[in-house]
Amino acid sequence: GTADNQYCAPIKVPDFGDQLFHRGVLKARADWQNNAFVGQADVYLSYERHDVTYADGVVVSLKKPIFEVENPYDAPGETKQSANVTSNLLQDDVLMGWRNGMPVFGLGLLEAIPEASILANVDAEDSNNDGISGRANWVFDAVKAQQGDENPVSLGRFGWKANTPSVRVQSLGALRGDIGITNPLFPDESVAGTSLHDSYLTRTGFIDTGEDANGEPEASAAFSDSVVFYAETLAVPARRNVDDSDVREGPRLFEQLNCSGCHTPSFVTKTSGDIGGLPMSDSLKGQTIYPFSDMLLHDMGEGLADGRPDFLADGNEWRTRPLWGIGLTQTVNPQAGFLHDGRAATLEEAILWHGGEAQQSTDDFMALSQDERNQVIVFLRSL
Ligand code: HEC
């Protein structure tokens, strides 16, 4: 991408932006007295189910989330099925994707993986013929842009489509975009200039203008740096049950099924240089790490596709999820789901959703005995 095509960034929906807020701050809507916390639109969730049956007769029921967006603020009451759709949000060319929040640990280590080590696994044309290609995403880098770089593009590493270059951009983007705290990297509210925000600013009483008393962003540079440092240096959980005899069979099966074709077990982080445009903490340097991800994009098939490109990632592509710490996901939150939209209630369901470049791995997993399938799962739980 170049400046001329906005670096292939997703185009914002006019008057909405690039992230949907289904809950608003108090007083957002014109009729806010009746709809105190209603945001840009309402979102409803339902599931489409289908069963997968192993050769031994065991059945697993898979569910895919279907989201409906209704009642947008620019055309209250309207739905996609309305006779004459006028809302910008409900136009047919608006592409929407749904994202689960991701665990926040080990991120500075992932950013410290040398770019060359990641690019060494790119195999866009699948020249080794294993059915797995792997592409890099190249994305707009707000830090480079702020530093005046003429080509502010970096390797994408974070986000479900590797659409974010650094922990700094991700953290300060979330500080502004997810919780509305403007900061030196993102000084304007993400909804600035939309009619909803303009009318909100006319309300009386407490109004969040996005600026402090001196007209500066709400978060100071020091506060922002602390948020980034915390997100960069939160430690990866230690493995558990490593002496269990079933867990010990896992790595062999993980190789045999070629899960490791995308979930690359290990990397060594760089020993010098910057991350996020600033010198990196010593604690991140020269570490052998076990993230189980190649940090690249893969076509995961129709079942997982959201049809929404993001920089160079297409609608079928997702970044390989790091699997470290995954065994503790449901210890932290028993309700948590796996995969980009949280559709998989278990690790087994997550594997069974793998299609596209991972279809062979899934077929081979399905051909395992129940004991071996269990060994793969308990190995994942030990990570
Ligand atoms: C072609 C590359 C590829 C192969 C091969 C592959 N995976 Fe994945 N894996 C991915 C991608 C990409 C995702 C994220 C997909 C999404 O969220 O839609 C993922 C997600 C997962 C998740 C869910 C992680 C989470 O936190 O949501 C698990 C578990 C997983 N893979 C395990 C496996 C296992 C076990 C195998 C081997 C049987 C395997 N994968 C083979 C690319 C691959």
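Residue numbering note: each chain is counted from 1, following its sequence as written. Per-residue local features of the predicted model are confined to residues with pLDDT of at least 70, and side-chain atom pairs are confined, for both listing and counting, to 80 or more; whole-chain, interface and lining totals are unaffected and use all residues. Side-chain numbers here rest on the full set of heavy atoms in the structure, without hydrogens or water.

1. Digging into the overall build of the protein chain
Rules: Put simply, DSSP marks the helices as runs of H or I at least four residues long and the strands as runs of E at least two long, and each gets a number from the N terminus on. The atom set for the radius of gyration is the C-alpha atoms, and the globule formula is 2.2 Å times the number of residues raised to the power 0.38. Here the term buried applies to any residue with accessible area under 20% of the maximum for its type, exposed to any over 50%, and partly exposed to those in between, with areas from a 1.4 Å probe on protein chains only. A 1.4 Å probe and the Shrake-Rupley method give the accessible areas. Residues count as covered only by the protein chains that appear here. Note on charges: Lys and Arg go in the positive column, Asp and Glu in the negative column, and His and the chain ends are not counted at all. To locate a charge, the coordinates of NZ of Lys, CZ of Arg, CG of Asp or CD of Glu are taken.
In terms of regular secondary structure, the protein chain is built from 11 helices and 10 strands. Over its C-alpha atoms the protein chain spans a radius of gyration of 22 Å, differing by no more than 12% from the 21 Å that the globule rule assigns to 383 residues. Considering only C-alpha atoms, the protein chain reaches an extent of 65 × 55 × 40 Å along its principal axes. Relative to its 383 residues, the protein chain shows a buried fraction of 44%. Surface exposure of the protein chain reaches about 19000 Å², of which carbon and sulfur atoms provide 51%. Side chains of the protein chain carry 28 positive and 56 negative charges; the gap between the two charge centres is 4 Å.

2. Things to note about the site of the ligand
Rules: Nearness is judged by heavy atoms alone; a residue qualifies as near a molecule or strand once a single heavy atom is within 4 Å of it. The residue classification treats Ala, Val, Leu, Ile, Met, Phe, Trp, Tyr, Cys and Pro as nonpolar and Asp, Glu, Lys and Arg as charged. All others, Gly included, are polar.
Residues in contact with the ligand amount to 26 residues; listed here are only the nearest, Cys259, Cys262, His263, Leu339 and His354. Within the residue set of the shell around the ligand, elements represented by two or more residues are β10 (317-319) and α9 (347-353). Among the elements that take part in the shell around the ligand, α9 stands out by supplying 3 residues, more than any other. Residues that form the shell around the ligand fall into these classes: 16 nonpolar, 7 polar and 3 charged.

3. Observations regarding the packing of helix α7 (residues 245-256) against helix α11 (residues 370-382)
The cut-off we apply is this: Only the stretch in contact is used when fitting a helix axis, every axis being a line fitted to C-alpha atoms; angles between N-to-C directions are given from 0 to 180 degrees. Angles below 35 degrees are treated as roughly parallel, those above 145 as roughly antiparallel, those between 65 and 115 as roughly perpendicular, and all remaining angles as oblique. The contact criterion used is simple: two residues touch if any of their non-hydrogen atoms lie within 4.5 Å.
For the pair α7 and α11, the least separation of the axes is 7 Å and the interaxial angle reads 100°. Taken as axis vectors, α7 and α11 run roughly perpendicular relative to one another. Contacts between α7 and α11 involve Asp246, Val247, Glu249, Gly250, Pro251, Leu253 and Phe254 from the former and Glu372, Asn374, Gln375, Val376, Val378, Phe379, Leu380 and Ser382 from the latter. For the contact of α7 with α11, the residue count by class is 8 nonpolar, 4 polar and 3 charged.

4. As for the side chain of serine 260
Note the following rule: Side-chain atoms alone can form a polar contact between residues adjacent in sequence; in general such a contact is a pair of N or O atoms within 3.5 Å, and within protein one must be able to donate a hydrogen while the other accepts it.
One can find serine 260 in the loop between α7 and β5 (267-268). A polar side-chain atom of serine 260 sits 3.4 Å from a polar atom in the side chain of glutamate 255. Discounting chain neighbours no more than four positions away, the residues touching serine 260 are Phe254, Glu255 and Pro265.

5. Regarding the coordination of the iron atom of the ligand
Stated precisely, the cut-off is as follows: Coordination shells were defined by N, O and S atoms within 2.8 Å of each metal, extended to 3.2 Å for Na, K and Ca; water is absent from the atom set, which can make sites look incomplete. When four donors show all angles between 85 and 135 degrees the site is tetrahedral, when four or six donors have opposite pairs over 155 degrees and all other angles between 65 and 115 it is square planar or octahedral respectively, and in every other case it is irregular.
The iron atom of the ligand binds to the protein through His263 (NE2) and His354 (NE2); the donor distances cover 2.0 Å. Taken together, the 6 donor atoms coordinating the iron atom of the ligand and their angles of 86 to 179° define a geometry best described as octahedral. Taken together, the residues span a long stretch of sequence, with histidine 263 in the loop between α7 and β5 and histidine 354 in the loop between α9 and α10 (359-366) at a distance of 91 residues. Of the residues examined, histidine 263 reaches a relative accessible area of 11% and is grouped as buried.

6. Remarks on unusual backbone geometry
The phi dihedral of asparagine 71 is positive, around 55°, even though this residue is not glycine. Here methionine 295, not a glycine, exhibits a phi torsion of approximately 65°, which is positive. Looking at the element boundaries, methionine 295 is found in the loop between β8 (288-289) and β9 (297-299).

7. Description of the pairing of strand β2 (residues 59-70)
Here is the rule we go by: Criterion used throughout: strands pair if DSSP finds at least two bridges between them.
Pairing analysis gives 12 bridges linking strand β1 (residues 42-53) to β2, with the strands arranged antiparallel. Across the sheet, residue serine 46 finds its bridge partner in β2, namely isoleucine 66. Taken together, β1 and the strand that follows it, β2, pair antiparallel across an intervening segment of 5 residues, in which glycine 57 is found at a positive phi of about 90°.

8. A few points about the packing of aromatic side chains
Applicable threshold: Two aromatic rings, drawn from Phe, Tyr or Trp (for Trp, its six-membered ring), form a pair once their centres lie within 6.5 Å of each other, and the interplanar angle then sorts them: stacked below 30 degrees, edge-to-face above 60, tilted otherwise. For a ring to carry a charge above it, either NZ of a lysine or CZ of an arginine must fall within 6 Å of the ring centroid while also lying within 35 degrees of the normal to the ring plane.
Counted under the stated rule, the structure contains 7 aromatic pairs. A ring pair is formed by tyrosine 7 and phenylalanine 140, whose centres lie 5.2 Å apart and whose planes are at 35°; its orientation type is tilted. With tyrosine 7 in the segment before β1 and phenylalanine 140 in strand β3 (residues 138-140), this residue pair connects regions lying 133 residues apart in the sequence. Residue tyrosine 7 is classed as buried on the basis of its relative accessible area of 11%. Relative to phenylalanine 379, the ring of phenylalanine 292 lies with its centre 6.1 Å away and its plane at 80°, an arrangement referred to as edge-to-face. One end of the pair, phenylalanine 292, is in the loop between β8 and β9; the other, phenylalanine 379, is in helix α11, and 87 residues separate them in sequence. Every member of this aromatic cluster is reached through a ring pair, and the members are Phe254, Phe292 and Phe379. In this structure, arginine 343 is placed above the aromatic ring of tryptophan 353, and the distance from its NZ or CZ to the ring centre is 4.4 Å.

9. Overview of helix α6 (residues 221-233)
Cut-off, in case you're wondering: One less than the number of residues in a helix, times 1.5 Å, gives the span that helix is expected to have. The arc in question is formed by the directions pointing from the helix axis toward the C-beta atoms.
Between its first and last C-alpha atoms α6 spans 18 Å; for 13 residues at 1.5 Å apiece the expected length is 18 Å, and the two agree. Listed in full, the buried residues belonging to α6 are Ser224, Val228, Ala231 and Glu232. In an axial view of α6, the angular spread of the buried residues amounts to 100°, which keeps them on one side of the axis. Within α6, the exposed residues directed more than 90 degrees away from the buried face are Ala222 and Tyr230. Against the buried residues of α6 lie α1 (107-111), α4 (167-177) and β6 (274-275).

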